[in-house]
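Coordinates in review
One letter stands for each residue in the lines below.
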Amino acid sequence: MTKSPDIVIIGSGIGGATIAAGLAATGAEILILEAGDHLPDRPENRNPRAIFQRGHFRPKEMWYEHGGSAFNPGNYYYVGGNSKFYGAVLVRYRREDFAEMQHREGVSPAWPFAYEELEPWYSRAEKLFQVRGDDSQDPTEPRHSEPYAFAPVPDEPAIAKVRARLTAAGMHPFSLPLAIDIDRWLRKARTPWDAHPNADDGKLDAETAPLAKALQHANVRLQTNSPVVRLEAAADGKTIHTVHYRQNGEVRSVSPKLVILAAGAVQSAVLLLRSADARFPKGLANSSDQVGRNFMNHNSSAVLAISPSFRNDSVYQKTLGFNDFYLSDGNGGPPLGNIQLLGRISGAILKANLPQVPEWLLNQISAHAVDFYAMSEDVPHPESRVMVDGERIILKWHRTNWDAHLDLVKKLKSVLNKAGFPIVLSRPFDKRTPSHQCGTVRIGKDPATSPLDVYCRAFDHANLFVVDASLLPTSAAVNPALTVAAQALRVADHIASKDFAS
Ligand SMILES: Cc1cc2nc3c(=O)[nH]c(=O)nc-3n(C[C@H](O)[C@H](O)[C@H](O)COP(=O)(O)OP(=O)(O)OC[C@H]3O[C@@H](n4cnc5c(N)ncnc54)[C@H](O)[C@@H]3O)c2cc1C
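In this report, we go over the structure that sits alongside the text. (Residues numbered from 1 in each chain as written. Predicted model: local features only at pLDDT ≥ 70, side-chain atom pairs only at ≥ 80, totals over all residues. Heavy atoms only, no water.)

1. Remarks on the packing of aromatic side chains
With the rule as written, the count across this model stands at 14 aromatic pairs. Residues tryptophan 111 and phenylalanine 113 carry aromatic rings whose centres are separated by 5.6 Å and whose planes lie at 70 degrees to one another, so their mutual orientation is edge-to-face. This pair shows no difference in class: tryptophan 111 is buried, exactly as phenylalanine 113 is. Judged by centre distance (5.1 Å) and plane angle (75 degrees), the rings of phenylalanine 310 and phenylalanine 421 are edge-to-face. Here phenylalanine 421 lies in the loop between α10 (402-418) and β19 (423-428) and phenylalanine 310 lies in the loop between β13 (299-306) and β14 (320-322), a separation of 111 residues in the sequence. The class of phenylalanine 310 is buried, set by a relative accessible area of 3%. (Phe/Tyr/Trp six-rings, centres within 6.5 Å; stacked < 30°, edge-to-face > 60°. Buried < 20%, exposed > 50% of the residue type's maximum accessible area, 1.4 Å probe, protein only. Helix = DSSP H or I, 4+ residues; strand = E, 2+ residues; numbered from the N terminus.)

2. Remarks on the site of the ligand
For the ligand, the set of nearby residues contains 32 residues, the closest of which are Gly15, Glu34, Asn82, Ala469 and Ala481. At a separation of 3.3 Å, an oxygen atom of the ligand approaches a polar backbone atom of glycine 81. One nitrogen or oxygen atom from the main chain of valine 89 is found 2.9 Å from a nitrogen atom belonging to the ligand. Taken by itself the ligand offers 990 Å² of open surface, and the protein chains cover 94% of this. Taken together, the residues of the shell around the ligand break down into 17 nonpolar, 13 polar and two charged. (Near = heavy atom within 4 Å. Polar contact = N/O pair within 3.5 Å; in protein donor to acceptor, adjacent residues only side chain to side chain. Areas by Shrake-Rupley, 256 points an atom, 1.4 Å probe, with all protein chains shown as cover. Nonpolar A, V, L, I, M, F, W, Y, C, P; charged D, E, K, R; others polar.)

3. What to know about the sheet that holds β19
With antiparallel pairing, six strands are arranged side by side in an open sheet as β7-β14-β15-β16-β13-β19. What marks the edges here is a single partner per strand, and that holds for β7 (174-175) and β19. Bridge count between β13 and β19: six bridges; the pairing is antiparallel. Within β19, the position partnered with valine 303 by the bridge is serine 426. Strand contacts of α10: β13, β14, β15 (338-341), β16 (369-376) and β19, with the helix running at about 150 degrees to β16, the strand carrying the most contacts. (Pairing = 2+ DSSP bridges. Contact = heavy atoms within 4.5 Å. Axes fitted to C-alpha atoms, helices over the stretch in contact; angles between N-to-C directions.)

4. Some points on the pairing of strand β12 (residues 258-261)
Side-chain direction in a regular strand flips from residue to residue, so the side chains alternate between the two faces of the sheet. Neither face of β12 is left uncovered, since the one carrying Leu258 and Ile260 and the one carrying Val259 and Leu261 both have all their residues buried. When β12 meets strand β20 (residues 464-466), the two strands line up parallel, connected through three bridges. Residue pairing for β20: leucine 261 is matched across the bridge by valine 466.

5. Focus on the packing of helix α1 (residues 14-23) against helix α6 (residues 207-214)
For the pair α1 and α6, the least separation of the axes is 7 Å and the interaxial angle reads 35 degrees. The hand of the α1/α6 crossing is left-handed. Along the contact surface, α1 presents Ala17, Thr18, Ala20 and Ala21, while α6 presents Pro210, Leu211 and Ala214. Class assignment of the residues belonging to the contact of α1 with α6 gives a composition of six nonpolar, one polar and no charged. (Left-handed = near helix turned anticlockwise from the far one by under 90°.)

In structure tokens, the structure reads:
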């Protein structure tokens, strides 16, 4: 057994890296075990054909549908996790997302605490990730105790025209809050950043923001290429005693005082389920039988608005969104969701989905198109599940609220027609894109229905915390990472105040 640190954090993505930053100053010996390696600085990083057509960065692994067919998920294993590829939209859940919300299909349950409880840590997370934004533009924006420290990333001229057209069509576009230093990003190459990997080129992701900060402390250590394979409970079952991980083909073990699991919403559930033994046949932290259940992944579609008379010469594009259908459908009916721009979609990117169409033709279409992302809430459902079958990961995604999403896309099309885009095409994202996976080890007040308490501590094992997107009891209809980061900082303060690791 390797000498055991005070705290082991499993995974260096948004949850793991942010809690490491929050705990670093406590002086506790912290070891971060990360399955992947550092993302190298290579020409493929800015090559859309390598990224989208050849799937250069996609993992080799396969997950399985409930019926048995295999698919290759866009789930990334690098230092920094999925945030290495993210669109860097670091937006708060709306205040209303913390309360019960009736949707067209089902109810989005209330969080165990209100927006105001998390608010101070939202502000801290925005500072940590150097978010650029303006909290005065979106009527649904909840109250901020501190303004953003940086002005929003500017609209490019073509996008400024889109903003004006949307405003004229009655919408309330706002500048997306973004964790990107746009000048640095463009200095390396003039490409979008959404779904493009970041090798410290100006995108503030889990590695370049919180992890870099945590590693300035001598008591924090990162160990790469070290996937955790099993957790083992102590003899009395009340705590986790051992963390088993693989390194250089050997299984090694550590026995820290505190274990913080942050492997992502699918892999954290998988690890708890795979750690089943005779005492815990349903897996660890799972007396509620909720681990792996309530899997959510937004209902989302790419929507291309095309006009022969509109020329889109933007490079990055992704600077605005609107929430006019977020709290209601605009006619007093249930909520539909959020609209935001995608990163600029070129012919080379379109070709990944339309291989039979020549790239020159797709480039011509793209020159006259602006690309949106429509996102609707997926409400928790106990039969929406991550399961394990031997070595296989089974993802049985029971989508909910799909009709509301179709309605959101329909509303968006009519807004875009009104804004001067006569042709609007849409295509939904499916389970091969589990970008906004969440909910599988949720927080709550009742151990019968939630594996974790309100500070992400497992009800079943006093020294186990799970701090990644699996904690989210609802998916809302905005990007998840800032809420994960805010809760990670809140949990770090709680751990530090209780001195759990001593
Ligand atoms: C293309 C793309 C675009 C996105 N855009 C946005 C956006 O604009 N805004 C936003 O808010 N969100 C966005 N997201 C989602 C966002 O990246 C995730 O919500 C966020 O990264 C989740 O954080 P996490 O801590 O749960 O998991 P991750 O950040 O994925 O981290 C999990 C980490 O655990 C490691 N790991 C996994 N298994 C093990 C194991 N067994 N042992 C050790 N380590 C392990 C992984 O390698 C990884 O480093 C996007 C995601 C993608 C893929």
